[in-house]
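Fold and geometry: a report
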Amino acid sequence: MKLKYLHIVAVLSVFFISCEKQETKEIDLSGGWSFQIDSLDQGVRKKWFMNPLNDSIQLPGSMAENGKGNEISVSTKWTGNMWNDSLWYKSSKATKYREKGNIKIPFWLSPKKTYYGPAWYKKTVTIPENWKEKQIFLFLERPHWETTLWVNDQKVGMQNTLATPHEYKLTQILTPGEHTLTIRIDNRIKDINVGKDAHSISDNTQTNWNGIVGDIKLMTISKIALGTIQLYPDVTNKELKVKGMLKTSGELPKTVQLTTKATSNKNKESIQSLTKEIAIATDGSFEMIYPMGESPMLWDEFSPNLYTLSLELETGQNTSKKEIVFGMRDFTVEGKHFSINGRPVFLRGTLECSIFPLTGYPATDAASWKHILKVIQSYGLNHMRFHSWCPPEAAFQAADELGVYLQVEASAWTKIGDGEPIDEWIYKEAESIINNYGNHPSFVMMAYGNEPSGKNQNQYLSKFVDYMKQLDNRRLYTSGAGWPLLDNIDFYNHKGPRIQGWAQGLNSIINARPPQTEFDYTALIQKTPMPYVSHEMGQWCVFPNFKEMSKYTGVLKPKNFEIFKESLEENHLGHLADSLLLASGKLQVLCYKADIEAALRTKDMAGFQLLDLHDFPGQGTALVGVLDAFWDEKGYVTSKEFRKFNDVTVPLVRLKKRIFLNNETLKAQVEVAHFDSKSLKQTKTTWKLTNGEGDTFSKGSFKKKNIPIGNGTQLGEIDVDLNDIEKAQKLTLAVTISDKTNTWDVWVYPLKKETIAKESEVRVVDKLNASTLAYLNNGGKVLLNVSKGDVKPEKGGDIGVGFSSIFWNTSWTKGQKPHTMGILCNPEHPALNEFPTEYHSNWQWWDAMSHSNAIVLDEFSADLKPIVRIVDDWFQNRRTALIFEVQVGKGKLLVSGVDLHSSLKNRPEARQLRYSLVKYMASDLFNPNISLKEGEIKNLFVKK
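Residues numbered from 1 in each chain as written. Predicted model: local features only at pLDDT ≥ 70, side-chain atom pairs only at ≥ 80, totals over all residues. Heavy atoms only, no water.

**Focus on the nonpolar core**
Within the largest apolar cluster, 176 residues are counted, with the highest numbers of intra-cluster contacts made by V194, W369, I426, V626, F642 and W845. Among the elements that take part in this core, helix α9 (residues 577-601) stands out by supplying 14 residues, more than any other. Residues in contact with W845, not counting those within four places in the same chain, are F803, I823, L832, F835, T837, H840, V868, L882 and L913. L149, L170, I185 and I216 belong to the second-largest nonpolar core, a separate cluster that totals 28 residues. (Core = buried A, V, L, I, M, F, W, Y, C linked by side-chain atoms within 4.5 Å. Buried < 20%, exposed > 50% of the residue type's maximum accessible area, 1.4 Å probe, protein only. Helix = DSSP H or I, 4+ residues; strand = E, 2+ residues; numbered from the N terminus. Contact = heavy atoms within 4.5 Å.)

Here it is as structure tokens:
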């Protein structure tokens, strides 16, 4: 009988122990909440925290996701500066888009609902009896923005960080039983002004939403528990410094027993555990050193090895456990380079501006971030800069696992240093970012935010950088993304190394210098005494992809795309939407290739940050991505093609020019940028020059060579005699190093051209004088090629034509040139038989575009289809022509907006294009099917 009794006691003991292990440590607060909008800001005065709210809402989520807020209208007070976009409010063209029921804005995506102000959220919770001896906290992973908390009728406090969770200690307030939590969220810019365009709050990208996303929960810890733990890897000494704080609800112990053990996330092997008696300082802090063994695995982009450090604290009857993922890495500056664990690093990065078109707020799950980061890695990138914001924990987790280097910013793009509340807030925001995300090995760089303003910015940022370096030395710091250059920053993030900069217009490298691949930024880099990372490189636009419109199934709608599409169709160009996208896309990729290769050619340059691998939907609609806002391809370049010029190893050539005559020699210096995990030993380099049919014209190889990590490694010289080429053609030079191949197009034109039969029938002129008009009306053939500036402003003369694509967009830049995105043509058109081309711009069109006028054909029949179109700005969608043909009277006229008569001795492309057009006109194939009157043609041009 006694044995039976003991058996029952044992069973009950196991049962109670099991129940104790399964006791509730968290209460999930996701789901339904009571809700009320406080548009008059009267809730505090009227004590809404004590009264029922009149609506309901689902959390996590935003007001917009729940259909709460206001319809957009002309009266919507956006969080975002307008610049030139404000013309929408006055333009007669936009009248129909300002009408109620048809509101369509062009400057960013349109949210279903907007709301700026306080909103109240309320939920009743029941606290278990066994929480009585615990510390209790409310955890809000990502609220937006300012939260104020009441429990029952007691105000607990206010928090206003943007980048980090809001956590409220409620130990003394939440006794066992029922309680009401009331949270007032205010998303207005008040005394803390991070800047209307800061991507932490701006309607340009994520929207200035109101709500809470991510984890929302009550959680408990023991009376004496592990609080914030910061881990400092020491790669040289193979150890880990552990710096921590205790969280207590009573007196601090003088000592605690701490057991630590690191386990590899890769192979699950553990390093020997270490148990120590640790002294606790009067502020609750403690430190200890944990040896990482003889051969700890290091973290970098190639081997993102992670460990989990398990910590167990014991103080009498009290136990507290914590697990922290970390990586052993050392990201430092060595001269003008970055270094990871002693190996040089070149940053190939893109921005992420909080662009989440389905939700209007950033993802808080690791899977979403892994998808994004895997996409950028597939395009050869290893780095991401978060422009004026900081992502949630999940982004760091994904970057840790995949090996992506992150630059994080303290949520601001604003005026600083003048003693306003923002100055102190930035410090607190940065400290909170460090406390929450500082252990992540991917978090390697930090700035205050983007492009600061304020007369005292330098002094403020110098002190800020000093403070952050003292606070946390695990990463590198700069002042602001963009500027200023200060003595104490670790790296310089500036716009200098770019082939097109703000306000350069047609005077930029790509638009003012003939095609070549020799230039680099050595002079700029060498005078900068620290690593130099190109700021917001690229910004090359492409025509809208209207097929992506169906993807916008969430809170943001592409009303801007609707405007552009309707405009295109009104101008009888809707059928060309896909062609305009593909043609401008090919030019966009060409521009990005030129930008990236120039950076890779530059000895000692530290890296670049693209703006952007994917589209930026705000600031006037900046379609600068080769990917859309969903990180999907648009159809004109694949990740494999992009990696030819953007990868760990990229063959490079220096060509003085791309256009050759067949009595010349093609010479190219071959070098390589190699930033892989290891140097290449005794590696062979081969090259090949092929024609359009894929036939090899010439080929060769260089002596095997060791290729170190770095750039500027010279491999050899290519020297090819072009005498055997008799016909105008494009050749493609391919250089292969190991399994990496990069290519460059060049063009060869014959010095002596075949005589054109009946050439005398074609009169080539640069103006329509009386004699030429008489010749034309009497049945003659005329090639009119006008000088740049001869087209009337309203007929296209005010369109800034350049070779490159549009920079950012013409709305936000207030019409900076160029205003166009290359050409679109049928490459099989007989007029171009002697001027080999694709359907899009390539480098042989540089001369033509640099000496041309756009000619607007809007007043003529839509049946007048140009031989060569110019891809117009999507805000205008004019029927712009570079070359077109018509009948005038009894004659036939071909109009070239390209100057084919000036300085021809120095313009082989112009000579070849002129030859091709004249040969076509002299043939029976020249037979325009659209007629225009003499006066209609004359009216296109200025009178001289």
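Structure's up, so let's keep going.
**Details of the sheet that holds strand β36 (residues 696-707)**
In spatial order, the strands read β33-β39-β38-β35-β36; together these five strands make up an open sheet with mixed pairing. Strands at the two margins of the open sheet, each flanked by one partner only, are β33 (659-661) and β36. Averaged over all neighbouring strand pairs, the angle between strand axes comes to 25°, with direction disregarded. Bridge count for strand β35 (residues 680-690) against β36 is eight bridges, and the pairing is antiparallel. Each bridged residue has a counterpart across the sheet, and for K688 the counterpart in β36 is K699. (Pairing = 2+ DSSP bridges. Axes fitted to C-alpha atoms, helices over the stretch in contact; angles between N-to-C directions.)

**Thoughts on the pairing of β35**
Connecting the antiparallel pair β35 and β36 is a turn made up of five residues, with G694 showing a positive phi of about 90°. Across six bridges, β35 lies against strand β38 (residues 729-737) in antiparallel orientation. Residue L689 lies in a different strand from β38, and its bridge partner there is L733.

**Thoughts on the sheet that holds strand β13 (residues 224-234)**
Read from one edge of the open sheet, three strands run β13-β14-β17, paired in antiparallel fashion. The open sheet has two free edges, formed respectively by β13 and β17 (285-291), since each of these has just one partner strand. Neighbouring strand axes in the sheet, compared pairwise and without regard to direction, differ in orientation by 25° on average. Direction of pairing for β13 relative to strand β14 (residues 239-248): antiparallel, over a ladder of nine bridges. Across the sheet, the residue bridging to D234 is E239, located in β14.

**Comments concerning helix α13 (residues 908-921)**
In an α-helix, one turn spans 3.6 residues, which is why side chains three or four residues apart end up on the same side. An ideal rise of 1.5 Å per residue puts 20 Å on 14 residues; α13 measures up with 20 Å between its terminal C-alpha atoms. Within α13, eleven of the 14 residues are buried, which leaves it mostly tucked inside the rest of the structure. Within the span of α13, buried status applies to P908, E909, A910, Q912, L913, Y915, S916, L917, V918, Y920 and M921. (Expected span 1.5 Å × (residues − 1).)

**Quick look at the packing of helix α2 (residues 366-378) against helix α3 (residues 393-402)**
α3 packs onto α2 with a crossing angle of 45° between their chain directions and a minimal axis gap of 8 Å. Here α3 runs oblique to α2, going by the angle between their axes. Seen from above, α2 lies across α3 with right-handed handedness. In contact with A366, W369, K370, L373, K374 and Q377 of α2, α3 contributes A394, A395, Q397, A398, A399, E401 and L402. Counted by class, the contact of α2 with α3 contains eight nonpolar, two polar and three charged residues. (Parallel < 35°, antiparallel > 145°, perpendicular 65-115°, else oblique. Left-handed = near helix turned anticlockwise from the far one by under 90°. Nonpolar A, V, L, I, M, F, W, Y, C, P; charged D, E, K, R; others polar.)

**A short note on a negative patch on the surface**
On the surface, D721, D724, E726 and E754 cluster together into a patch of negative charge. By the secondary structure assignment, E726 is in the loop between β37 (710-721) and β38. (Patch = residues over 30% accessible without salt bridge, like charges linked within 9 Å, V, L, I, M, F, W, Y side chains within 5 Å. Areas by Shrake-Rupley, 256 points an atom, 1.4 Å probe, with all protein chains shown as cover. Salt bridge = Lys/Arg side-chain N within 4 Å of Asp/Glu carboxyl O. Lys, Arg positive; Asp, Glu negative; His and termini not counted. Charge placed at Lys NZ, Arg CZ, Asp CG, Glu CD.)

**Examining the state of the cysteines**
As enumerated under the stated definition, the model contains zero disulfides in all. Sulfur of C353: no disulfide; nearest cysteine sulfur belongs to C541 and is 14 Å away. According to the relative accessible area criterion, C353 is buried, its value standing at 0%. For the unlinked cysteine C390, the closest cysteine sulfur is that of C353, found at 14 Å. Classification of C390 by relative accessible area gives buried; the value is 1%. (Disulfide = S-S within 2.5 Å.)

**Observations concerning the side chain of D647**
Inspection of the secondary structure puts D647 in the loop between α10 (639-642) and β32 (649-655). In this structure the side chain of D647 is engaged in a polar contact, spanning 3.0 Å, whose partner is the side chain of K740. With residues up to four places along the chain from it excluded, the contact list for D647 reads R348, G380 and K740. (Polar contact = N/O pair within 3.5 Å; in protein donor to acceptor, adjacent residues only side chain to side chain.)

**Some thoughts on the environment of A673**
In this structure, A673 sits in strand β34 (residues 665-674). For A673, a relative accessible area of 1% gives the class buried. Expressed as a C-alpha distance, the spacing of A673 and Q714, which sit 41 residues apart in the sequence, is 9.7 Å. In this structure, A673 is in contact with L600, V648, T649, V650, L652, G710 and N711, ignoring residues within four places of it in sequence.

**Here we look at the packing of aromatic side chains**
Two aromatic rings are characterised by how far apart their centres lie and by the angle between their planes. One pass over the structure, following the stated rule, counts 46 aromatic pairs. Here the aromatic rings of Y427 and F464 are separated by 5.4 Å at their centres, their planes lie at 85°, and the arrangement is edge-to-face. Of this pair, Y427 sits in helix α4 (residues 421-437) while F464 sits in helix α5 (residues 457-471), and the two are 37 residues apart along the sequence. For F464, a relative accessible area of 1% corresponds to the buried category. Geometrically, the ring pair formed by Y552 and F630 is edge-to-face, given 4.8 Å between the ring centres and 70° between the ring planes. (Phe/Tyr/Trp six-rings, centres within 6.5 Å; stacked < 30°, edge-to-face > 60°.)

**Looking at the environment of S850**
When you line up the elements, S850 lands in helix α12 (residues 846-850). Sequence separation between S850 and S804 is 46 residues, and the spatial gap between their C-alpha atoms is 9.8 Å.

**Describing the environment of L715**
Relative to the elements of secondary structure, L715 occurs in strand β37. Non-local contacts of L715, meaning those with residues more than four positions away in its chain, are made with V670, E671, V672, T685, F702, K705, I707 and I737.

**A word on the domain arrangement of the protein chain**
Taken domain by domain, the protein chain consists of domain 1 (26-221), domain 2 (649-749) and domain 3 (759-940). Here domain 2 and domain 3 have C-alpha centroids that lie 34 Å from each other. Of the residues lining the interface, ten residues belong to domain 2; the matching set on domain 3 comes to twelve residues. Counting each side, the surface lost to burial between domain 2 and domain 3 is near 930 Å², with a carbon and sulfur contribution of 61%. If you sort the residues of domain 2 by the area they bury against domain 3, I659, W747 and Y749 come out on top, with a joint share of 52%. Notably, a salt bridge pairs K727 with E834, separated by 3.3 Å at the nearest N-O pair. Joining domain 2 to domain 3, the criterion identifies three residue pairs in polar contact (both at pLDDT 80 or more). Contributions of two or more residues to the side of domain 2 that touches domain 3 are made by β33, β38 and β39 (740-749). In terms of residues, the side of domain 2 that touches domain 3 owes the most to one element, β39, which gives three residues. Tallied by class, the residues present in the side of domain 2 that touches domain 3 amount to five nonpolar, one polar and four charged. (Domains from an automatic or database assignment. Buried area = accessible area lost by both parts, 1.4 Å probe.)

**Quick notes on α3**
Across the ten residues of α3, seven count as buried, placing the element largely inside the fold. Inspection of α3 places A394, A395, F396, A398, A399, D400 and L402 among the buried residues, and these make up the whole buried set. Lining the buried residues of α3 we find α2, β25 (405-412), α4 and β26 (443-449). One or two steps after α3, the chain reaches G403, where phi turns positive at roughly 85°.

**Topic: the pairing of strand β31 (residues 607-611)**
The buried fraction of β31 is high, at five of five residues. Along β31, one buried face is formed by G607, Q609 and L611 and the opposite face, lined by F608 and L610, is buried too. As defined by bridge partners, strand β23 (residues 347-352) adjoins β31 across four bridges and the pair is classed as parallel. Bridge pairing links G349 to Q609 in β31.

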